[in-house]
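Residues per chain, in single letters:
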Amino acid sequence: GEARAGESGSSAGDVESMATISESMEMKELLVQMSFISAELDQLRRECKKLQKEKRKSEAMSQKLSNELEFSKTIQSSLESNVQKMESHIQKLETEKTKIGQQHEQRIQELEESVRDLSFFLEAQSKLGDHEAKDGDIIVVPNPKGKKPRPGAASAPSVAAGGSTSGSGKKKGRKR
């Protein structure tokens, strides 16, 4: 019976020894797994830091682009406002230019009429002489409406002098 007791003691010792070996192997496996997990965790931490750095860069770039967009919108708005002001100013200048052009045309017409009247007076004076103009009436015969004198023709209207001695001495002329 002692042999069995020795056998059973050795088998119990073997079981314990095997359990210790098994636990030791599990422990080694766990240590190896823990080592891999620790290395993987370190790798993940490095990647996380890298991603956080990239995120900060992206956020900074996004903020920079957002600021540039706002600046561009402000510039565009300002330019559009300036264009509207310039178009308004151009319109006012064109209106003023037209008005001044019309005023100049009117003044030119008035001066042309004055020149025509003066030419008429000088021509009449040279044709009639001083003594006839004192005693007679001057009658103005205007050109037909819308017709301009031919080149080389007298630019003043025809003049007829009355020879009456009872003349009033007044000259009749065109009204402006």
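Each residue is numbered by its place in its chain's sequence as written, counting from 1. Given that the model is predicted, a residue must reach a pLDDT of at least 70 before its local features are reported, and side-chain atom pairs must reach 80 or more before they are shown or counted; all residues, however, enter totals for whole chains, interfaces and linings. Side-chain measures here rest on the full set of heavy atoms in the structure, leaving out hydrogens and waters.

**Student:** Go over the overall build of the chain, please, and point to the residues and values.
**Tutor:** Secondary structure follows DSSP: runs of H or I at least 4 residues long count as helices, runs of E at least 2 residues long count as strands, and numbering of each begins at the N terminus. Regarding its fold elements, the chain presents one helix and two strands. Ordered by position from N to C terminus, the α and β elements of the chain give α-β-β. Counting contacts in the chain only where the partners sit at least 6 residues apart, residues at least 24 apart contribute 70% of the total. For accessible areas, the Shrake-Rupley method is used with a probe of radius 1.4 Å. Any residue's cover is judged against the shown protein chains and nothing else. Entry remark: accessible area of the chain is about 15,600 Å², with carbon and sulfur atoms responsible for 56%. The contact criterion used throughout is that any non-hydrogen atoms of two residues lie within 4.5 Å.

**Student:** Give a description of the pattern of salt bridges that names residues and reports values.
**Tutor:** Opposite charge on two side chains lets them pair, provided their charged atoms get close. Between Lys or Arg on one side and Asp or Glu on the other, a salt bridge is scored when a side-chain nitrogen of the former is within 4 Å of a carboxyl oxygen of the latter. For the coordinates displayed, the defined rule picks out three salt bridges. The residue K55 makes a salt bridge to E59 at a minimum N-O spacing of 3.7 Å. In this pair, K55 and E59 both sit in helix 1 (residues 2–135), four residues apart, roughly one turn of the helix. Only protein chains enter the accessibility calculation, which uses a 1.4 Å probe; a residue is then buried when its area is under 20% of its type maximum, exposed when over 50%, and partly exposed in between. With a relative accessible area of 52%, K55 lands in the exposed category. Between E123 and K127 there is a salt bridge, and its shortest N-O distance comes to 3.1 Å. Note that E123 and K127 are positioned in helix 1 at a spacing of four residues, about one turn of the helix. Using a relative accessible area of 21% as the deciding quantity, one classes E123 as partly exposed. With relative accessibility at 60%, the residue K127 sits in the exposed group.

**Student:** An account of the confidence of the model for the chain is needed here, citing residue identities and associated values.
**Tutor:** Counting all residues, the mean pLDDT for the chain is 79, and 66% of those residues have values of 70 or more. Looking at the elements of the chain, mean pLDDT is at its lowest for strand 2 (residues 158–161), recorded as 47, and at its highest for helix 1, recorded as 88. The score called pLDDT rates the predictor's confidence residue by residue, from a low of 0 to a high of 100. Scored below 50 in pLDDT, residues 154–176 makes 51 contacts in the model with residues more than four places away or belonging to other chains.

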